[in-house]
Amino acid sequence: MKKFGKKYVEALGKLEKNKEYNITEAIKLVKETSITKFDSSIDVAIKLNIDPKKADQQLRGSFVLPHGTGKSKSILVIAKGAQAEEARKAGADYVGDQDMIDKIQKENWFSYDVIIATPDMMPELGKIGKILGPKGLMPNPKTNTVTNNVSSAILDVKKGMVSYKNDSYGNIHSVMGKVSFDNDKLKENLEYIISTISKLKPASVKGKFIKSISISSTMGPGIKLDKNSFDI
């Protein structure tokens, strides 16, 4: 049986077992049950009524949170010529083409959080897909990280773009902010996430799309939310 630390047990004691909290109560509690010394991230887990084995029920994409994530991300852009120059002007941390691909392959280099690539670079980048894929770094058109408009993509990442993809159990996980955010900003970010995901219901899914919602701080206990708190 997994043993929990004293701080976690104390935090868990602030929650009523099996209770589903409204959004205001849940955000208050997720702050109160944060047990780290640093400014914890707050994550949301959404259990969906989907069959991840069916291609038409697999969800993947990205959105920009109204108040960002509270975390600045380092950006690598794989592009040539004018688009590379555009990326530098837009504030990308690293810009290059084959030289950067070689650096990743030969030096196991991962000093960045997001890769944005132009479509013409994808055949070369695809050759190191086995390196980037497991780390969740492979650019994808669905997450707006494969694009000819690199400056727009960079701006979205800097504003707080979050990529999502359902796991093998039909769950979607997303960051929704930091414990230091004021409650209203956390509420608006969470409402935006739930509203966005609720609109992605595949046509082949019958009945309720969102089965459950919970939030938690880094290393903190999960807090179940009442789905009636949301306009879904």
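The paragraphs below set out a description of the structure included in this document. (Residues numbered from 1 in each chain as written. Predicted model: local features only at pLDDT ≥ 70, side-chain atom pairs only at ≥ 80, totals over all residues. Heavy atoms only, no water.)

## Overview of the environment of Leu 12
Here Leu 12 is to be found in helix α1 (residues 6–12). Between the alpha carbons of Leu 12 and Gly 222 there is a distance of 8.6 Å; along the sequence they are 210 residues apart. (Helix = DSSP H or I, 4+ residues; strand = E, 2+ residues; numbered from the N terminus.)

## Re the nonpolar core
Formed by 34 residues in total, the largest nonpolar core has its most connected members in Val 44, Leu 48, Leu 190, Ile 197 and Ile 215. At the level of secondary structure, the elements contributing two or more residues to this core comprise α2 (23–32), β1 (41–48), β6 (161–165), β7 (171–178), α8 (183–198), β8 (210–217) and β9 (223–225). For Ile 197, the residues in contact, after removing those within four places along its chain, are Ile 46, Leu 48, Phe 63, Tyr 164, Ile 172 and Phe 209. Of all hydrophobic cores here, the second largest spans 16 residues; its members include Met 100, Trp 109, Met 121 and Ile 128. (Core = buried A, V, L, I, M, F, W, Y, C linked by side-chain atoms within 4.5 Å. Buried < 20%, exposed > 50% of the residue type's maximum accessible area, 1.4 Å probe, protein only. Contact = heavy atoms within 4.5 Å.)

## Here we look at the pattern of salt bridges
Under the definition given, this model contains six salt bridges. In this structure, the salt-bridge partner of Glu 85 is Arg 88, at a minimum N-O distance of 3.6 Å. Residue Glu 85 and its partner Arg 88 are located together in helix α3 (residues 81–90), separated by three residues, close to a single helical turn. Assessed through its relative accessible area of 37%, Glu 85 is described here as partly exposed. (Salt bridge = Lys/Arg side-chain N within 4 Å of Asp/Glu carboxyl O.)

## With respect to the sheet that holds β9
Taken together, the four strands give an open sheet; going across it, the order is β7-β1-β8-β9, and neighbouring strands pair in antiparallel fashion. Edge strands, defined here as strands with exactly one partner in the open sheet, are β7 and β9. Ignoring which end each strand starts from, the neighbouring axes of this sheet average 25° apart. Looking at chain direction, β1 and β8 are connected through seven bridges and run antiparallel. Pairing of Lys 47 across the sheet is with Ser 212, part of β8. Most of the contacts of α8 go to β7, to which it runs at about 160°, and overall it touches β1, β7, β8 and β9. (Pairing = 2+ DSSP bridges. Axes fitted to C-alpha atoms, helices over the stretch in contact; angles between N-to-C directions.)

## Focus on the packing of α3 against helix α7 (residues 150–159)
One way to put it is that α3 packs onto α7 with a least axis distance of 8 Å and a crossing angle of 30°. Taken together, α3 and α7 sit at an angle that is classed as roughly parallel. As α3 runs across α7, the sense of the crossing is right-handed. Every residue of α7 that contacts α3 at Gln 83, Glu 86, Ala 87 and Ala 90 is listed here: Val 150, Ser 151, Ile 154 and Lys 158. Residue composition of the contact of α3 with α7, by class: four nonpolar, two polar and two charged. (Parallel < 35°, antiparallel > 145°, perpendicular 65-115°, else oblique. Left-handed = near helix turned anticlockwise from the far one by under 90°. Nonpolar A, V, L, I, M, F, W, Y, C, P; charged D, E, K, R; others polar.)

## So, the packing of α2 against α8
Running from N to C, α2 and α8 cross one another at 120°; their axes reach a closest spacing of 10 Å. Considering their axes alone, α2 and α8 lie oblique with respect to each other. When the axes of α2 and α8 are compared, the crossing they make is right-handed. Taking contact as the criterion, the partners of Ile 23, Thr 24, Ile 27 and Lys 31 in α2 are, on α8, Asn 183, Leu 186, Lys 187, Leu 190 and Glu 191.

## Considerations on the packing of aromatic side chains
One pass over the full model with this rule turns up five aromatic pairs. Between Phe 63 and Tyr 192, the ring centres sit 6.1 Å apart and the planes meet at 75°, which makes this aromatic pair edge-to-face. Here Phe 63 is found in strand β2 (residues 60–64), whereas its partner Tyr 192 is found in helix α8, with 129 residues between them in sequence. Under the relative-accessibility criterion, Phe 63 is labelled buried at 4%. With a centroid separation of 4.8 Å and an interplanar angle of 65°, the aromatic rings of Trp 109 and Tyr 112 are classed as edge-to-face. The exposure class of Trp 109 is buried, given its relative accessible area of 9%. (Phe/Tyr/Trp six-rings, centres within 6.5 Å; stacked < 30°, edge-to-face > 60°.)

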